[in-house]
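Each chain, written out:
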Amino acid sequence: MDGTLTFLGTGTSTGVPTVGCDCAVCTSTDPHDRRLRPSVLLRWQDGGRERVVLIDTGPDFREQALRNGLTRVDAVFYTHSHADHIFGLDDLRPLSFTAFREGGPIPLYATPKTIAVLERIFDYTFSPQSTYPNRARVELHPLAERTTVHGVEFLRVPVRHGAMEIVGYRFGRTAYLTDVSAIPESSFPLLTGLDCLILSALRHKPHPTHATIEQAVEWAQRIGARQTWLTHISHDLGHEQTNRTLPDGIRLAYDGLSFPVDLGRANNGVVNSGTAN
Ligand SMILES: [Zn+2]
Ligand SMILES: [Zn+2]
């Protein structure tokens, strides 16, 4: 194992508790039932210095960065342009000033469609005409099929989110697929040989743009990772009660859950497993 993955948030777009709701999960005293908006953090050591990559920066990013003691970010990968995945971009500012002094803007990787939305919403950050002096020192890069960040390869995994095609990521023997309503047949070969699969599962009741628990379990069993963690969870699912009903090797994730992952870095003596086989 050559890296660590941490769940910064495991909630659906509203977060849990949901504003104005007094249901059993929203009023639960179990800390596992409090879920910030979905995001994960990857850390690894690179020649004596820590590298940090985020997948998505949702509206809770500031709180998540404080809770997890973030002092640097080397890159951000975006899955798609919905608010619960991008609205924390501006809170990269303080970390981006440090990164900029060290060497340059923080690279943000996203599809051209996501880039177009980021440029519109964060016009004061990205517009060449912007005169706002304290804008985030970040730079948008169109996402390639494979992107290497300080020795770790991120493979793009296309998935469906209702009518949208969005992206998941595979890094080493772990994959992160959020906001999934369908996995194209052509993406399954990119998901072989996984130790860890992270997959979104909203609730039991069907939803037009999100998989149910039952659908996610079916995909998880087909993909066959050693461990599957479910995320992007709504207030319909209590942590303890739901976990009791899930098959072995499939569990609900929770905010702050952290574990070692194999990032498949070639320079770490680990066989690179970033490609389908
Ligand atoms: Zn979402
Ligand atoms: Zn509720």
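Heads up: the structure comes first, above all this text.
Every chain's residues receive numbers from 1 upward, in the order its sequence appears when written. The order in which chains are written sets their letters, starting at A; the order in which ligands are written sets their numbers, starting at 1. Thresholds applied to this predicted model are a pLDDT of at least 70 for local features of residues and 80 or more for the giving and counting of side-chain atom pairs; totals over whole chains, interfaces and linings are not thresholded and use all residues. Only hydrogens and water are removed before side-chain values are computed, so all heavy atoms of the structure are retained for them.

(A) Examining the sheet that holds strand 10 (residues 174-177) more closely. When DSSP finds at least two bridges between two strands, those strands are taken to pair. A run of H or I in DSSP counts as a helix once it spans at least four residues, and a run of E counts as a strand once it spans at least two, with each numbered from the N terminus. If you trace the 7 strands from one edge of the open sheet to the other, you get 7-8-9-10-11-12-13, paired in mixed fashion. Of all the strands in the sheet, just strand 7 (146-149) and strand 13 (250-252) have a single pairing partner and so form its edges. Across the sheet, the mean angle separating the axes of adjacent strands is 25 degrees when strand polarity is ignored. Here strand 7 runs beside strand 8 (residues 152-161); their pairing, made up of 4 bridges, is antiparallel. Bridge pairing in strand 8 links T147 to F154. For helices, the axis comes from a line fit to the C-alpha atoms of the stretch in contact; other axes are also lines fit to C-alpha atoms, and the angle between any two N-to-C directions lies between 0 and 180 degrees.

(B) The nonpolar core, seen in detail. The criterion is simple. A nonpolar core is a set of buried Ala, Val, Leu, Ile, Met, Phe, Trp, Tyr and Cys residues joined through side-chain atoms within 4.5 Å. The rule is simple: take the accessible area with a 1.4 Å probe, protein chains only, and divide by the maximum for that residue type; under 20% is buried, over 50% is exposed, in between is partly exposed. Core analysis: the largest hydrophobic core is formed by 29 residues, its most contacted members being L177, I183, L197, L199, I213 and L230. Of all the secondary-structure elements, those providing two or more residues to this core are strand 8, strand 10, strand 11 (196-200), helix 6 (213-223) and strand 13. Looking at which element gives the most residues to this core, the answer is helix 6, with 6 residues.

(C) Summary view of the environment of F171. The topology assignment puts F171 in strand 9 (residues 164-171). Under the relative-accessibility criterion, F171 is labelled buried at 0%. Along the chain, F171 and V138 lie 33 residues apart, while their C-alpha atoms are 22 Å from each other. Pairs of residues are marked as contacts when any of their non-hydrogen atoms sit within 4.5 Å. Every residue in contact with F171, bar those within four places of it in the chain, is listed here: L5, L42, I55, V152, E153, F154, Y176, D262 and L263.

(D) Looking closely at the coordination of the zinc ion (ligand 1). Sites may look incomplete, because water is not among the atoms used; the donor set itself consists of N, O and S atoms within 2.8 Å of the metal (3.2 Å for Na, K and Ca). Distances from the zinc ion (ligand 1) to its protein donors, namely D84 (OD), H85 (NE2), D179 (OD) and H232 (NE2), fall within the range 2.1 to 2.2 Å. Between 85 and 135 degrees for all angles marks four donors as tetrahedral; over 155 degrees for opposite donors together with 65 to 115 for all other angles marks four donors as square planar and six as octahedral; every other arrangement is irregular. Each of the 4 donor atoms bound to the zinc ion (ligand 1) contributes to angles spanning 91 to 166 degrees, and the resulting shape is irregular. Counting the intervening residues between successive donors of the zinc ion (ligand 1) yields the motif D-H-x93-D-x52-H. Residue H85 is located in helix 2 (residues 83-86), and its partner H232 is located in the loop between strand 12 (227-231) and helix 7 (239-245); the two are separated by 147 residues in the primary sequence. Of the residues examined, H232 reaches a relative accessible area of 1% and is grouped as buried.

(E) Highlighting the coordination of the zinc ion (ligand 2). Of the protein atoms, only C21 (SG), C23 (SG), C26 (SG) and H235 (ND1) coordinate the zinc ion (ligand 2), at distances of 2.1 to 2.3 Å. Mapped onto the polypeptide sequence, the residues donating to the zinc ion (ligand 2) form the spacing pattern C-x1-C-x2-C-x208-H. C26 sits in the buried class, given a relative accessible area of 7%.

(F) Seen up close, the pairing of strand 3 (residues 49-55). Taking burial as the measure, the 7 residues of strand 3 include 5 buried ones, the bulk of the element. Across 7 bridges, the pairing between strand 2 (residues 39-46) and strand 3 is antiparallel. When the bridges of strand 3 are listed, W44 appears paired with R51. Between strand 2 and strand 3, which pair antiparallel and follow one another directly, the connecting turn spans 2 residues, one of which, G47, has a positive phi of 55 degrees. Both strand 3 and strand 4 (residues 75-77) contribute to a ladder of 3 bridges, which runs parallel. Paired with L54 across the bridge in strand 4 is V76. The handedness of a crossover follows from its direction of travel: if, with the strands pointing away from the viewer, the path from the first strand over the helix to the second runs clockwise, the crossover is right-handed. In this fold, strand 3 hands off to helix 1 (residues 61-67), which returns the chain to strand 4; that crossover is right-handed.

(G) Structural detail: the pattern of salt bridges. Any Lys or Arg side-chain nitrogen located within 4 Å of an Asp or Glu carboxyl oxygen qualifies as a salt bridge. Scanning the model with the defined rule gives 15 salt bridges in all. A salt bridge links R67 to E63; the shortest N-O distance between them is 3.5 Å. Within this pair, R67 and its partner E63 are both found in helix 1, separated by 4 residues, close to a single helical turn. On the basis of relative accessible area, R67 is assigned to the exposed category, the value being 53%. The residue R173 makes a salt bridge to D195 at a minimum N-O spacing of 3.5 Å.

(H) A look at the packing of aromatic side chains. Within 6.5 Å between ring centres, the rings of Phe, Tyr and Trp (the latter by its six-membered ring) count as paired, and their orientation is classed by plane angle as stacked under 30 degrees, edge-to-face over 60, tilted in between. With the rule as written, the count across this model stands at 8 aromatic pairs. Taken together, a centroid distance of 5.5 Å and an interplanar angle of 70 degrees make the contact between Y124 and Y132 edge-to-face. Directly above the aromatic system of F100 lies the positively charged group of R137, at a separation of 5.9 Å from the ring centroid. Both a distance and an angle decide whether a charge sits over a ring: NZ of Lys or CZ of Arg must be within 6 Å of the ring centre and within 35 degrees of the ring normal.

(I) Quick peek at unusual backbone geometry. Here V16 and P17 are connected by a cis peptide whose omega angle stands at 0 degrees. On the secondary structure map, P17 appears in the loop between strand 1 (3-9) and strand 2. For D56, which is not glycine, the phi dihedral falls at a positive 75 degrees. By the secondary structure assignment, D56 is in the loop between strand 3 and helix 1. For D56, a relative accessible area of 0% translates into the label buried.

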